[in-house]
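Geometric and topological summary
Each chain, letter by letter, is given below.
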Amino acid sequence: MEDASKMTVCGALEGLASGAFSSVELTRAMIGAIEKRDAEIGAFVSVDDTAALAMAAEADARRKRGEGGVLLGVPLALKDNIHVSGQPCGCASWMLRGYHALYDATVMERLKAAGAVFLGRTNMDEFALGSTGETSCERVTRNPVVKDRVPGGSSGGSAAAVAGGMALAALGTDTGGSIRQPASHCGCVGVKPSYGRVSRYGVVAGASSMDQVGTLTKNVRDAALLLGALAGQDERDATSLDVAVPDYVAALKGGVKGMRFGLPKEFFVKGADAEVLARVNDAVKRLEAAGAQIVEVSLPHSEYAVATYYVCMTAEVSANLARFDGVRYGFRAEGAEDVNEVYFKTRTQGFGMEVKRRIILGTFVLSSGYADAYYHRALKVRTLIRRDFERAFEKCDALLAPVAPDVAPQFGSFAGDPLKAYLGDIFTVSANLAGVCGLSVPCGTTTAGCPVGLQMIGPAFGEATILRAAHAFEQL
Ligand code: GLN
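Taken together, 15 residues lie around the ligand, and Ala-128, Thr-175, Gly-176, Ser-178 and Tyr-309 are the ones closest in. Here an oxygen atom of the ligand sits 2.6 Å away from a polar atom, N or O, in the side chain of Ser-178. One of the side-chain nitrogen or oxygen atoms of Tyr-309 is found 2.7 Å away from an oxygen atom of the ligand. Coverage of the ligand by the protein amounts to 99% of the 290 Å² it exposes when considered alone. Of the residues forming the shell around the ligand, the biggest block, three residues, is contributed by helix α9 (residues 305-320). In the shell around the ligand, the residues fall into five nonpolar, seven polar and three charged.

With that settled, consider the environment of Leu-467. Note that Leu-467 resides in helix α15 (residues 463-475). Among the residues examined, Leu-467 registers a relative accessible area of 1% and is labelled buried. Along the sequence, Leu-467 and Glu-341 sit 126 residues apart, while their C-alpha atoms lie 51 Å from each other. In this structure, Leu-467 is in contact with Val-191, Val-220, Ala-223, Ala-224, Leu-227, Tyr-248, Leu-252 and Leu-439, ignoring residues within four places of it in sequence.

A few words now on the pattern of salt bridges. Counting across every chain of the model gives 19 salt bridges. A salt bridge links Lys-112 to Asp-104, with the shortest nitrogen-to-oxygen separation between them at 2.5 Å. Judged by its relative accessible area of 34%, Lys-112 falls in the partly exposed class. Take Asp-104: its relative accessible area is 11%, and that puts it in the buried class. Several salt bridges converge on common partners, so that one network encompasses Glu-58, Arg-62, Arg-65 and Glu-67.

On a regular strand, each side chain points to the face opposite its neighbour's, so the side chains alternate between the two faces of the sheet. For strand β2 (residues 75-79), the tally of buried residues reaches five of five residues, placing the bulk of the element in the interior. One ladder, built from five bridges, connects β2 with strand β3 (residues 117-122); its direction is parallel. Pairing of Ala-77 across the sheet is with Gly-120, part of β3. Chirality of the crossover, the property in question, places the unit of β2, helix α4 (residues 106-113) and β3 among those that are right-handed. Note that β2 and strand β4 (residues 169-174) share two bridges and pair parallel. Paired with Leu-78 across the bridge in β4 is Leu-171.

On to the sheet that holds β3. Read from one edge to the other, the open sheet built from eleven strands follows the order β1-β3-β2-β4-β6-β5-β10-β11-β9-β7-β8, with strand pairing classed as mixed. Bordering the open sheet on either side are β1 (44-47) and β8 (293-297), each of which pairs with just one other strand. The sheet shows a mean angle of 30° between the axes of neighbouring strands, direction not considered. The sheet strands contacting helix α7 (residues 220-230) are β2, β4, β5 (189-192), β6 (212-217) and β10 (437-445), and the helix crosses β6 at an angle near 150°. Running over the sheet, α15 touches β5, β7 (260-264), β9 (398-402), β10 and β11 (451-458) and is turned about 10° from β10.

At their nearest, the axes of α7 and α15 sit 9 Å apart, and the two run at 160° to each other. One way to sum up the angle between α7 and α15 is to call them roughly antiparallel. Of the two elements, α7 crosses α15, and the hand of that crossing is left-handed. Touching Val-220, Arg-221, Ala-223, Ala-224 and Leu-227 of α7 are Glu-463, Leu-467, Ala-470, His-471 and Glu-474, all from α15. Looking at the contact of α7 with α15, its residues break down into six nonpolar, one polar and three charged.

This part is about the side chain of Thr-428. Following the sequence through the fold, Thr-428 ends up in the loop between α13 (418-423) and α14 (429-434). Ignoring anything within four residues of it in the chain, the contact list for Thr-428 reads Gly-176, Gly-177, Arg-180, Val-403 and Gln-455.

Under the definition given, this model contains twelve aromatic pairs. Between Phe-267 and Phe-427, the ring centres sit 5.2 Å apart and the planes meet at 45°, which makes this aromatic pair tilted. Remark: Phe-427 occurs in the loop between α13 and α14 and Phe-267 occurs in the loop between β7 and α8 (274-289); sequence separation between them is 160 residues. Centroid distance Phe-364 to Tyr-370: 4.6 Å. Interplanar angle 40°. Geometry classified as tilted. Here Tyr-370 falls in the partly exposed class, since its relative accessible area comes to 39%. Grouping aromatic residues by their ring pairs yields a cluster made of Tyr-99, Phe-127, Phe-324, Tyr-329 and Phe-351. The side chain of Arg-97 reaches across the aromatic face of Trp-94, ending 4.2 Å from its centre.

The next thing to look at is the environment of Asp-222. Relative to the elements of secondary structure, Asp-222 occurs in helix α7. Under the relative-accessibility criterion, Asp-222 is labelled buried at 0%. Asp-222 sits 212 residues away from Cys-10 along the chain, and the two C-alpha atoms are 6.1 Å apart. Not counting the four nearest positions on each side in its chain, Asp-222 is found in contact with Thr-8, Val-9, Cys-10 and Thr-217. Among the polar contacts made by the side chain of Asp-222, one reaches the main-chain amide nitrogen of Val-9 at a distance of 2.6 Å.

Conventions used here
Residues numbered from 1 in each chain as written. Predicted model: local features only at pLDDT ≥ 70, side-chain atom pairs only at ≥ 80, totals over all residues. Heavy atoms only, no water. Near = heavy atom within 4 Å. Polar contact = N/O pair within 3.5 Å; in protein donor to acceptor, adjacent residues only side chain to side chain. Areas by Shrake-Rupley, 256 points an atom, 1.4 Å probe, with all protein chains shown as cover. Helix = DSSP H or I, 4+ residues; strand = E, 2+ residues; numbered from the N terminus. Nonpolar A, V, L, I, M, F, W, Y, C, P; charged D, E, K, R; others polar. Buried < 20%, exposed > 50% of the residue type's maximum accessible area, 1.4 Å probe, protein only. Contact = heavy atoms within 4.5 Å. Salt bridge = Lys/Arg side-chain N within 4 Å of Asp/Glu carboxyl O. Pairing = 2+ DSSP bridges. Right-handed = clockwise from strand over helix to strand, strands pointing away. Axes fitted to C-alpha atoms, helices over the stretch in contact; angles between N-to-C directions. Parallel < 35°, antiparallel > 145°, perpendicular 65-115°, else oblique. Left-handed = near helix turned anticlockwise from the far one by under 90°. Phe/Tyr/Trp six-rings, centres within 6.5 Å; stacked < 30°, edge-to-face > 60°. Lys NZ or Arg CZ within 6 Å of the ring centre and 35° of its normal.

Structure follows, in structure tokens:
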């Protein structure tokens, strides 16, 4: 078998189909890669060899019986906030240490139906709140490309597993950039689907009005294949929408000739690193040379995006995380005298600093006397931001932008300065506030060797368009 750590999902499927190797062999090779590399990289929080090999054997048996499955026999990793029955689901938090999922998330059900093999769970920022991976209670994850730097976050483990050759692909979640930004920092492809495209059932809720499950892969074709397996309405998630799922792989054909890309002028002015901007501008030029039309567009409310996101997100987080009180799930502090003390001690000890900061902020913006000034006002601005996108998409098929203002930072860069970290979300949060889709595709590296991603943002349910554009860009 060729080096499995360099394999793509589509490449592996060819090998499996031709009988060049079995799923058990492939899965063993991935487990071997994890054993060899993950002590240094730290992408995984748990790997279940026994379960993985059993699923692989089952996939091989399915193939022998002549049964299909678009991901038949392909080992994949899942972020630690997605339920897989019988597996730990810790969200990289002390609060959920030792908690095991009782059922499969819909995305896991769909992966199983497609024949995929569950390889293990990837590290993340605690409860997906962060952008470096550093708020995990589990371990440090290194960027496999530039090892003295963070992988990004919050799906940093998923990006590191894929970029580090330890998983053919992985699932992540994106509430404000948590798939696109680590993909950009690690040099892989990350897709955040439109709100309502993929079921959130069985995914630990962060900010329910913005959370989406998506993919981290080595190339765009793999992303298209995987998204096709995940997407579609689910009656158990009332916010998933009944919109037909196109054949995303078939939609990759066609190139960018005649496509219109909008450059949001507010994203190209200040604040971004010069080398990052240079790579992105270079990508824009290559698309133009390939026959795409570039137009300037405006997202006039962009300057309010980070503030709006951090009000809406923290409000929802404070409500969603209220369920972790020591009574039902995971950790319970010892030595409490009464029920209030159970809540108080459990939440004080079980949550990390960043999670507590968000809960406190969210509780404040929702509190009586302040909700009108903060939360309700933020909702109004959110509507304006959504309208900005609707207007922009009247003039173009997709938007081009940086993913993050800077490359992957060194460890500890944001210590004691949360605001600095929040401002790094400037180019990603708008897509979540508006509910549209976005992806990150590699567009080069800086002189220091740090990967840079190009962001493509499409209208709601316009995944086929941005996948096609990203695939064409990859070929360039
Ligand atoms: N970095 C953002 C935050 O800290 C995004 C998180 C996410 O998408 N889960 O909130």
